[in-house]
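A look at the structure
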Amino acid sequence: MVKVFKGSVGKIKQHKHYDKAASWTKMLSVTGGTQIILQVLGFLTGVLLVRLMPQKEFSYYTIVNTMLGTMTVLADGGVATGVIAYGGKVWQDKYRLGQVLATGISLRKIFSVISLLVTLPILVWLLRVQHAEWWQIALMVCGLIPAFLAAVSDSVLEIVPKLHQEIKPLQLNQLVVTLGRFVLSVGSVFFFPFTVVALLGNGLPRMYGNLQLKKISNRFVDTAAKPDPEIRSSILGIVKKRMPEAIYYSFSGQITVWLLSLMGNSSSIAQIGALSKISLVTTSFTMVLGMLVIPRFARLPDDSSVILKKYIHSSALAVGGLLVMLLVLWFTSGLVLSAFGKEYEGLDYELVAYFIGAAVAFMANFTYSLFSSRGWLMNPVLSISFNAVSLAVCAYFIKVDNLQGAIYFGIANSLIQFVVNTFFLLYSIFKKRK
C-alpha cells in the first residue's frame with residue numbers, strides 16, 4: 001500500500017504541470033494566508049470603530065472615507081494603468097523601469113492637486129447637508145490629508161515589486177500598516193470617539209508604509225532615472241482615454257453613499273457604512289489577484305489563445321471564491337451583525353444583499369484591471385453614455401432614499417459595469433485573433 005502511494009506521488013511529481021501547480025499553490029497559500037490576517041485586522045478595526053463611535057460621527061466618517069476613494073481615483077486618472085502597461089514591457093530593464101516609475105509619480109502629483117481642488121468643495125457641501133459644523137469640517141479635512149498623500153504614490157510604487165513578483169516584502173509592509181491602523185485607530189477612538197481622530201489613525205500608518213514601499217521599489221529600479229518625455233506621452237495617451245471614465249466612475253462607484261448623504265439621514269449613512277465593512281472580504285481577494293494575476297496577465301505574450309485561456313481560468317477562480325464567501329456569510333449574517341452593535345441588528349437581508357453588490361463590483365473591477373493591464377481601453381464616450389443611460393433608468397425605477405433602495409441601486413450599477421467590461425474584454429481578445 002505504501003509503495004503504491006509513493007508510486008502515485010512520484011507520478012504526480014513527474015507530471016509536466018506539477019512544478020507550475022506547486023508554485024501556484026505555494027504562492028496562493030502564502031499570499032492568501034497573509035491576506036486573511038490583513039482582512040481580519042481590517043474587519044476588527046472597522047467593527048470597533050462602528051461600536052466606539054456615535055452614529056452621527058460614524059456617518060461623517062463614512063462620507064469622508066467615501067470621498068477619499070473618489071479623490072484617489074481622480075488623482076490617478078489612469079496613471080497606474082499606464083505605468084503597469086508600459087512597465088510590463090520593460091520590467092527587466094532597471095533604468096527604463098525607473099523612468100516609468102518616476103514619470104508615473106510626477107504625473108500623480110499633478111493630478112492630486114487637481115483632485116483636491118475638485119473634491120474638497122463637494123465634501124464640504126455633503127458634510128454641511130448632514131449638519132456638520134464648520135470647525136468639524138475643517139478638522140475632518142485636515143485628518144483626511146495624510147491618507148490622501150499616501151494614496152498619491154502607493155498604488156504606483158507597488159507596481160514595480162508586483163511585476164517582479166516580490167510578494168513577501170509587499171505583504172509584510174501591508175501587515176505593518178494594517179496593524180498600525182488597528183492600534184492607532186482603535187486606541188485613539190476609544191478615548192476620543194471623533195471622526196478626525198479615526199481619520200488620522202487611518203492615514204498616519206499609511207504614510208509610514210508608503211516610505212517603506214518606496215524602499216522596496218528602489219531595489220528594482222535605477223533611482224537616478226528621471227521622468228521621460230516619451231514614456232510621459234505614452235502614459236498620457238492612456239490617461240486621455242481613461243480620464244473621462246475615471247471621472248465618471250469615481251462618482252458613480254460611490255453613488256449609494258452620495259444619494260443617502262443628500263436624501264437620507266445619518267442613521268442610513270451609518271448603516272451602509274457599517275455594512276460596507278463586509279466588503280473587506282472581497283478586498284482581500286482583490287489584493288491576492290492584484291498581486292498574482294494582473295501582473296502576469298500584463299506580461300502574457302501577444303497571443304489571443306493564451307490570453308483567453310488565462311482570462312477564463314482567472315475568472316473561474318474569482319467567481320468560485322466569491323460564491324464560497326457568500327455561502328459562509330449567508331449562514332453567519334446574524335453573528336456578523338451582532339459584532340456591529342444593537343443599532344445594526346436585524347439587517348441580515350441587507351448585509352447579504354450588500355455583499356452580492358460588492359461581489360459584482362469586484363468582478364467588474366477585476367475584468368477592467370485585466371484588459372487595462374494590456375493597454376486595452378474602450379471608447380470612453382460609448383462606455384460612459386451606456387452606463388449613464390442605464391444608471392438613469394435604474395434611478396427612475398429604484399427609490400434610493402433608504403438603505404434597501406441604495407443597495408439595490410448599487411447592485412444594478414455594478415452589474416451594468418460588469419457586463420460592459422466583460423463584453424469589451426472578449427471583443428478585444430477575438431479582435432486580436434482576427
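Scroll up to find the structure this text is about.
**Things to note about the pattern of salt bridges**
Within this structure, the stated rule accounts for three salt bridges. Linking Asp-154 and Arg-206 is a salt bridge whose minimum nitrogen-to-oxygen distance equals 3.3 Å. With Asp-154 in helix H6 (residues 134-157) and Arg-206 in helix H9 (residues 195-218), this pair connects stretches of sequence that are 52 residues apart. Judged by its relative accessible area of 18%, Asp-154 is buried.

**Observations concerning the side chain of Thr-66**
As for its placement among the helices and strands, Thr-66 is situated in helix H3 (residues 55-76). Classification of Thr-66 as buried rests on a relative accessible area of 9%. Here the side chain of Thr-66 touches Thr-62 through a polar contact of 2.6 Å, landing on its backbone oxygen.

**Some points on the environment of Ala-270**
You can see Ala-270 is positioned in helix H12 (residues 266-275). Sequence-distant contacts of Ala-270, defined by excluding residues within four places in its chain, comprise Gln-55, Phe-58, Ser-59 and Tyr-344.

**Here we look at a nonpolar patch on the surface**
A cluster of nonpolar residues, Ile-110, Val-113, Ile-114, Leu-117 and Val-118, forms a patch on the protein surface that exposes about 450 Å² of accessible area. Within the fold, Ile-110 resides in helix H5 (residues 94-129).

**Thoughts on helix H8 (residues 167-191)**
Over its 25 residues, H8 extends 36 Å from the first C-alpha to the last, a length consistent with the 36 Å expected when each residue adds 1.5 Å. Among all positions of H8, only Ile-167, Pro-169, Leu-170, Gln-171, Asn-173, Gln-174, Val-177, Thr-178, Ser-185, Val-186, Ser-188 and Val-189 are buried.

**Quick word on the environment of Val-64**
Looking at the secondary structure, you find Val-64 in helix H3. The contacts of Val-64, once residues within four sequence positions are left out, are Leu-123, Leu-127, Met-140, Leu-144 and Leu-199.

The rules behind these values
Residues numbered from 1 in each chain as written. Predicted model: local features only at pLDDT ≥ 70, side-chain atom pairs only at ≥ 80, totals over all residues. Heavy atoms only, no water. Salt bridge = Lys/Arg side-chain N within 4 Å of Asp/Glu carboxyl O. Helix = DSSP H or I, 4+ residues; strand = E, 2+ residues; numbered from the N terminus. Buried < 20%, exposed > 50% of the residue type's maximum accessible area, 1.4 Å probe, protein only. Polar contact = N/O pair within 3.5 Å; in protein donor to acceptor, adjacent residues only side chain to side chain. Contact = heavy atoms within 4.5 Å. Patch = residues over 30% accessible without salt bridge, like charges linked within 9 Å, V, L, I, M, F, W, Y side chains within 5 Å. Areas by Shrake-Rupley, 256 points an atom, 1.4 Å probe, with all protein chains shown as cover. Expected span 1.5 Å × (residues − 1).

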